[in-house]
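# Descriptive structure summary
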Amino acid sequence: MTEPIRVLIADDQALLRGSFRVLVDNAPGLTAVGEAADGAEAVDGVRRLRPDVVLMDIRMPGTDGIQATRSIAGSPETAGTRVLILTTFDLDEYVYGALRAGAAGFLLKDTPPEVLLTGIRTVAAGESLLAPSVTRRLIAEFARLPRAHRSPAPALEALTAREREVLVLVARGLSNTDICEYLHLSSGTVKTHMGRLLSKLGARDRAQLVISAYESGLVHAARPSAPKPGHR
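A brief look at the structure comes next. (Residues numbered from 1 in each chain as written. Predicted model: local features only at pLDDT ≥ 70, side-chain atom pairs only at ≥ 80, totals over all residues. Heavy atoms only, no water.)

## Observations regarding the overall build of the protein chain
Along the backbone of the protein chain there are 10 helices and five strands. Evaluated residue by residue, the protein chain yields a buried proportion of 49% over its 232 residues. Restricting the contact set of the protein chain to residue pairs at least 6 apart, pairs at least 24 apart contribute 69%. Carbon and sulfur atoms provide 53% of the accessible area of the protein chain, an area that totals close to 11200 Å². (Helix = DSSP H or I, 4+ residues; strand = E, 2+ residues; numbered from the N terminus. Buried < 20%, exposed > 50% of the residue type's maximum accessible area, 1.4 Å probe, protein only. Contact = heavy atoms within 4.5 Å. Areas by Shrake-Rupley, 256 points an atom, 1.4 Å probe, with all protein chains shown as cover.)

Below is the structure:
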């Protein structure tokens, strides 16, 4: 039998932690292995319990969710744990920072239970939870950041022309399936391009590829979105 996905729940509100724990423990293939009331406890819990996924609140006292995510994603000891950010507001000013720190994606706290459970399974499988609507928020947050506060732009010289093209479409929020249709490529070819992009840009996941596209200047927030597949 497949081992259940191990989940750590980090939130400063005990009632929410308890509710999420009940939800996770009653879902097939998932199990809650611990709770944390702040970011420091979350980091310690990941080190001790080695969960597959952390449900991480952003705004917590002391060490917040961004700092905790950066510590988890940045340490070889804990980098295998995926962080799924939970936030109260879809325009939370910290979403960009959390994704830049290494989070695999984010969901709203009022997300339907079945969507949250699917999100946990998605990030546990190594994928990013970054829908087109999330990408637009990410773009908006990046656009309003003073350039002095942005991270150094990644170098794109190592990318082929096709890889750049794929990166632009990823930054516009297109899924792999959409990219296949838009560029008339096979699923395997797109996956190969994605793997090379992740490797060449030193990106952890799709979320960080989006950020790299904007930080490098390859894509600009003011430009219109890419056309939908079938509307070239």
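Anyway, onward from the coordinates.
## Some thoughts on the nonpolar core
One finds Val 166, Leu 167, Val 170, Ile 179, Leu 183 and Leu 209 to be the most contacted residues of the largest nonpolar core, which totals 24 residues. At the level of elements, helix 7 (161-171), helix 8 (176-183), helix 9 (187-201) and helix 10 (206-215) are the ones that each hand at least two residues to this core. Considering every element that reaches this core, the biggest residue donor is helix 7, with five residues. Here Ile 179 is in contact with Val 166, Leu 169, Val 170, Leu 174, His 184, Val 190 and Arg 206, once residues within four sequence places are set aside. (Core = buried A, V, L, I, M, F, W, Y, C linked by side-chain atoms within 4.5 Å.)

## With respect to the packing of helix 7 against helix 8
Between two packed helices, the angle of one axis relative to the other and the distance separating the axes together describe the packing. The geometry of helix 7 relative to helix 8 is characterised by a closest axis approach of 10 Å and an angle of 130 degrees between their N-to-C directions. Here helix 7 lies oblique to helix 8, going by the angle between them. Crossing handedness for the pair helix 7 and helix 8: right-handed. Each of Arg 162, Glu 165, Val 166, Leu 169 and Val 170 in helix 7 lies in contact with helix 8, whose residues at this interface are Ile 179, Tyr 182 and Leu 183. Taken together, the residues of the contact of helix 7 with helix 8 break down into six nonpolar, no polar and two charged. (Axes fitted to C-alpha atoms, helices over the stretch in contact; angles between N-to-C directions. Parallel < 35°, antiparallel > 145°, perpendicular 65-115°, else oblique. Left-handed = near helix turned anticlockwise from the far one by under 90°. Nonpolar A, V, L, I, M, F, W, Y, C, P; charged D, E, K, R; others polar.)

## What about the environment of Asp 110?
Structurally, Asp 110 can be placed in the loop between strand 5 (105-108) and helix 5 (113-124). Judged by its relative accessible area of 62%, Asp 110 falls in the exposed class. Considered as a pair, Asp 110 and Thr 88 are 22 residues apart in the sequence and their alpha carbons are 7.4 Å apart.

## Considerations on the sheet that holds strand 3 (residues 53-57)
Pairing is parallel in the open sheet, where five strands are placed in the order 2-1-3-4-5. In this open sheet, the two strands that pair with only one neighbour each are strand 2 (30-36) and strand 5. Pairwise comparison of adjacent strand axes, ignoring direction, gives a mean angle of 25 degrees for this sheet. Running at roughly 160 degrees to strand 2, helix 1 (residues 14-25) makes contact with strand 1 (5-10), strand 2 and strand 4 (82-87) of the sheet. The sheet strands contacting helix 5 are strand 1, strand 2, strand 3, strand 4 and strand 5, and the helix crosses strand 4 at an angle near 155 degrees. (Pairing = 2+ DSSP bridges.)

## Considerations on the environment of Gly 188
Mapped onto the elements of the fold, Gly 188 is located in helix 9. Residues Gly 188 and Asn 176, 12 residues apart in the sequence, show an inter-C-alpha distance of 9.9 Å.

## What to know about helix 2 (residues 39-49)
Every buried residue belonging to helix 2 is among Gly 39, Ala 42, Val 43, Gly 45 and Val 46, and all of these are buried. Down the axis of helix 2, the smallest arc covering the buried residues is 160 degrees, so these residues share one side. With a side-chain oxygen lying 3.1 Å from the backbone nitrogen of Ala 40, the N-terminal cap of helix 2 falls on Asp 38. Arg 50, located one to two residues past helix 2, shows a positive phi value of around 50 degrees. (Arc of directions from axis to C-beta. Polar contact = N/O pair within 3.5 Å; in protein donor to acceptor, adjacent residues only side chain to side chain.)

## Points about the environment of Ala 36
Within the element layout of this structure, Ala 36 appears in strand 2. Under the relative-accessibility criterion, Ala 36 is labelled buried at 1%. Put simply, Ala 36 and Gln 13 are 23 residues apart on the chain and 9.7 Å apart in space, counted from C-alpha to C-alpha.

## Some details on the pattern of salt bridges
Oppositely charged side chains can pair when the atoms bearing their charge come close. Applying the stated criterion across every chain, the model contains nine salt bridges. The partner of Lys 109 in a salt bridge is Asp 11, with the nearest N and O atoms 2.9 Å apart. Placement of the pair is Lys 109 in the loop between strand 5 and helix 5 and Asp 11 in the loop between strand 1 and helix 1, with a sequence separation of 98 residues. Pair check on accessibility: Lys 109 and Asp 11 agree, each one buried. (Salt bridge = Lys/Arg side-chain N within 4 Å of Asp/Glu carboxyl O.)

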